[in-house]
Amino acid sequence: MRYANIIINLKTRQLDKLFTYAIPPQFRGNISSGHRVVVPFGRGQYVEGVVWSTTDRAPDFKVRPIAQILPDCYALSKTQQVIMTALRKYYMATYQEAYLSVLPSVQKLDKIVVYNVLKAFDDYSVGQRLDAQQLADYGTRQLVEKVKSGQLEKHLTFDFKHRKKTVEWVVKRYSDLSMALQKVAKRAVKKQRILKHMAYIDALPLGDLCKATRATRRDLVALVEAGFFELEKRDWQYQSASWQVQSQPLERPPLSAEQERVVQAYLAQAEPRGALLNGVTGSGKTRVYIELAKRALQSGKQVLMLVPEISLTPQLVARFSSQLTSDIGVIHTYIKPADKIAIYQRIKSGDIKIVIGARSAIFAPFNDLGLIAIDEEHEYSYKSETIPRYHTVELALALAKEMKIDILLGSATPSIKTHHLVDVGALQALYLKRAFSGSKLSDIQIVDMTALPSGTMISAPLYNAMKACFENSQQVILFHNRKGYARMRQCHSCGYVHMCRNCAVPMTVYEGGRQFACHYCGYREPEVPDCPICGERMADIGIGIEQIESELRRLFPGRKFAVIDADTTRNQTAYRALLREFEDGKIDGLIGTQVLAKGLDFANVTLVGVLLADQLIHMPDYNSTERAYQLLTQVAGRAGRSTLHGTALIQTYQPEHPLFDYVIKRDFSGFVREEKRLRDLVGYPPYVTIFTIKVQSENKLKAFQQGQRIYEFYDKNFIKNQIDAKVYPPLEPYYGKIRQQYHLQIVFKVAKRSRAAVLKTLYYGIVKNKYNLIEPACWVDVDFDG
Ligand code: ADP
Ligand code: ZN
């Protein structure tokens, strides 16, 4: 091919297009789609890009040649390219946004200035290449002078932030080292240790091996001289501190009859396979993922295991690594850049076969992906809240379909959307009904709060149950979805609410009123005095988790309680220590927000309390009942994990709400049936698609004008083109101002068959701005659901 269409890595939303360049003769045959390149752009500028397609047809305008091509190992894989297409097609990502999504930040290129010495000066001779650091002794003006006078020539090049270096690896010469073990003297303890350590491993970085065996380089060199190992210099990208070593024996329990049936039914499908695995908590879904992963590995394929929360990953990784003989790449935000590079390189080369990670792991450069398993597929953390606003499950389904990859979605409470995919025949439904431990599900009871004095936090039934629990030396988990001390501080007399100075959001009260913070922009403030309007004293409204903690200390003196929220979990070390203390019985009760709902198993917890279920039902979102059902069953599942009987008490001011009936009876399929009926009736996803155009501006009037313009355009457009879609006038979202930016939303309800047509008009209207809809003072983007 002689020409390449290239995505230029420049933020040019209005320029969502490809740029054509000539492929110079020396690169021909080596460049294909996915290759990363450096090209000239504009006057005297060079930018980085990626080849999207190649062609032999000469364009009818003059093109410039590609300047540089990056080695194959940095090229995007086929899966990454398919994902980029999906991001464009479904989520209206521009070429550049799609590219940056799949490109790990560590592989981004940095522009670097280098100087070539044309005439010798000081210590430098002709032909030397110097970077800015080497020339730090010369001031900017001096450098400009030297360039002008022809001593230096200035160049712009690209390099990774993490430069190349080589690392020494120890490579085994024979796979069986038992002979070597006999030959090495018994008292050469360190050498013995090295040989034993390498029994199951072919190669390791020298540094890692020495650390693991507490041996020195000298010990190793002796073993190399004896002919057992070789030392090999490898690129830095192979180095990794979190290198997974497989040396313990496999402990894979045989499948239960129920699991066996599920696995067989899955495998019996025509390829590519797709199924929903609906299994109650503890039914062994993870065992099924491992079994299917094993089979994918046997046929030489790679496996992607997606999990919603990174804090849940260690347990799962441990189970995968103890039950499968393959290196596992774990991807999450906290990995060190060097490790991340290493993992990506090894996924690309096919060396790592199993990848476990949260949603961004779907962007990894798979070489030959055979199975995508998604645990807790209903979790909302699979949805990206930043542009492009993709949903990992949808993206995975699109990828699986396009590349013929098997897919399995697992959950105890699958989303209504996924149920719908089963209804339309896109996924097979598989069930695991029996929990493994044999433990009974907890009893769920509703506590009516309506008759109690206002401000009651702990009702009598909950108090008594807690008391009984503590007397039996058992533990309690309480769930309350509100951080801090109170939701807001308000004046009783005039109604004034203390708001954030950047957002139209009340400040959350912390530390009993000594701190105020905004959850949206992070703005903090100390003590707030009396009402600035009428001078009256203000009161705290909306009980938060801190208040509950002090109430508990009052009710149960001598008992120990701890609070867990999203802030607590941020410090992983402290968080784990706290959980260990609870496990060891040093803490009697945990009070937590929804972070507590997930995956925590404590054998001694027999009581769970939900302090205010009403909070969950009254979210301004059609999803809130589904979410409430999932959360309540998850929370209830924290009690009675062992042979001890568990109880869950749910406090509410609306005991007659139909949701509770389903929750108490654990009638999930009944709930799903009713919820589907309602959504179909009213017109909510998955029966229609909802698009939301989000408008943002510093100027409130501009935001409104902009919103109105978009609304009117699409209202007319849909009627004129007979598109089965309805657009609603612009509305302020729940919080209309965040970080000094005014927000507006325009909602579209679109019949499934019109989705493609609407996506197209949205693309031209919002991304390309072909209809001149978007004003410069506004920022506009699109989200969709269903
Ligand atoms: P889930 O992922 O559905 O919540 P898990 O896979 O965590 O369930 O399994 C629950 C418990 O049952 C775990 O302790 C697991 O080790 C055990 N388990 C699962 N499958 C088997 C099996 N086939 N034989 C023995 N124990 C099993
Ligand atoms: Zn704020």
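Check the entry above for the structure.
Residues numbered from 1 in each chain as written. Chains lettered and ligands numbered in written order. Predicted model: local features only at pLDDT ≥ 70, side-chain atom pairs only at ≥ 80, totals over all residues. Heavy atoms only, no water.

S.K.: When you look at the packing of aromatic side chains in this model, what are you seeing that I'm missing?
M.R.: In this description, an aromatic ring pair is defined by two values, namely the gap between the centres and the angle between the planes. The tally for this structure, following the rule as stated, stands at 25 aromatic pairs. Plain terms: the ring middles of F121 and Y138 are 5.8 Å apart, the flat faces sit at 80° to each other, and that makes the pair edge-to-face. Placement of F121 in the loop between β6 (109-117) and β7 (129-131) and of Y138 in the loop between β7 and α3 (140-148) is noted, with a sequence separation of 17 residues between them. For the pair F121 and Y138, one class covers both residues: buried. (Phe/Tyr/Trp six-rings, centres within 6.5 Å; stacked < 30°, edge-to-face > 60°. Helix = DSSP H or I, 4+ residues; strand = E, 2+ residues; numbered from the N terminus. Buried < 20%, exposed > 50% of the residue type's maximum accessible area, 1.4 Å probe, protein only.)

S.K.: Help me out: how do you make sense of the nonpolar core in this one?
M.R.: Soluble globular proteins tend to pack their nonpolar side chains together in the buried interior. Ranked by internal contacts, the top residues of the largest apolar core, which has 72 residues, are I372, I693, Y714, F748 and L762. Sequence-distant contacts of Y714, that is, excluding residues within four places in its chain, are made with I693, V727, F748, T761, L762, G765, I766 and L773. I564, L578, A613 and A636 belong to the second-largest nonpolar core, a separate cluster that totals 37 residues. (Core = buried A, V, L, I, M, F, W, Y, C linked by side-chain atoms within 4.5 Å. Contact = heavy atoms within 4.5 Å.)

S.K.: Which parts of the structure should I look at to understand the sheet that holds strand β13 (residues 302-306)?
M.R.: Two strands in a sheet stick together by hydrogen bonds in their backbones, pointing the same way (parallel) or opposite ways (antiparallel). Spatially, the seven strands line up as an open sheet ordered β14-β15-β13-β16-β17-β12-β18, and their pairing is parallel. The open sheet has two free edges, formed respectively by β14 (328-331) and β18 (428-432), since each of these has just one partner strand. Sheet twist, expressed as the average angle between the axes of neighbouring strands with direction ignored, equals 20°. Across five bridges, the pairing between strand β12 (residues 274-279) and β18 is parallel. In the sheet register, N278 faces β18, and the bridge partner there is Y431. Helix-sheet contacts for helix α8 (residues 257-267) involve β12, β16 (369-374), β17 (406-411) and β18, and the interaxial angle to β18 is about 170°. (Pairing = 2+ DSSP bridges. Axes fitted to C-alpha atoms, helices over the stretch in contact; angles between N-to-C directions.)

S.K.: What should I look at first to understand the coordination of the zinc ion (ligand 2) in this one?
M.R.: Coordination angles at a metal have ideal targets, namely 109.5 degrees for four tetrahedral donors and 90 or 180 degrees for six octahedral donors. In this structure, C500 (SG), C503 (SG), C518 (SG) and C521 (SG) serve as the protein donors to the zinc ion (ligand 2), at separations of 2.2 to 2.4 Å. If you look at the zinc ion (ligand 2), its four donor atoms make angles of 99 to 114° with each other, and the shape they trace is tetrahedral. Here the donor residues of the zinc ion (ligand 2) share one chain and are spaced in sequence as C-x2-C-x14-C-x2-C. C521 carries the same exposure label as C518, and that label is buried. (Donors = N, O, S within 2.8 Å, 3.2 Å for Na, K, Ca; no water. Tetrahedral: all angles 85-135°; square planar, octahedral: opposite > 155°, others 65-115°.)

S.K.: When you look at the site of ligand 1 in this model, what are you seeing that I'm missing?
M.R.: What surrounds ligand 1 is a group of 15 residues, the closest being P254, G282, K285, T286 and R319. Measuring from an oxygen atom of ligand 1, one finds a backbone N or O atom of S283 at 3.3 Å. Expressed as a share of its isolated accessible area of 560 Å², the protein-covered part of ligand 1 is 69%. The leading source of residues in the shell around ligand 1 is helix α9 (residues 285-298), at three residues. (Near = heavy atom within 4 Å. Polar contact = N/O pair within 3.5 Å; in protein donor to acceptor, adjacent residues only side chain to side chain. Areas by Shrake-Rupley, 256 points an atom, 1.4 Å probe, with all protein chains shown as cover.)

S.K.: What's the story with unusual backbone geometry in this structure? I'm lost.
M.R.: Negative phi values dominate among residues other than glycine, just as trans dominates among peptide bonds. For the bond from E271 to P272, the omega torsion is -5°, close enough to zero to count as cis. In this structure, P272 sits in the loop between α8 and β12. That bond from I387 to P388 is cis: its omega, -10°, falls within 30 degrees of zero. Tracing the backbone shows P388 in the loop between β16 and α12 (392-403). The residue N769 is not glycine, and still its phi comes out positive at about 55°. On the secondary structure map, N769 appears in the loop between α23 (755-767) and β34 (778-785). One non-glycine residue, N772, adopts positive backbone phi at about 50°. Locating N772 in the fold gives a position in the loop between α23 and β34. On the basis of relative accessible area, N772 is assigned to the exposed category, the value being 57%.

S.K.: Where do I start with helix α1 (residues 78-91) in this structure?
M.R.: Each α-helix turn comprises 3.6 residues. Residues three or four places apart therefore point the same way. Taking 1.5 Å per residue, 14 residues should reach 20 Å; α1 reaches 19 Å between its end C-alpha atoms and fits that length. By the criterion of burial, α1 is predominantly enclosed, with ten of the 14 residues buried. Taken as a whole, α1 has its buried residues at T79, Q80, Q81, V82, I83, M84, A86, L87, R88 and Y91. One or two residues past the end of α1 sits M92, with phi positive at roughly 55°. (Expected span 1.5 Å × (residues − 1).)

Coordinates in, geometry out; function isn't part of it.
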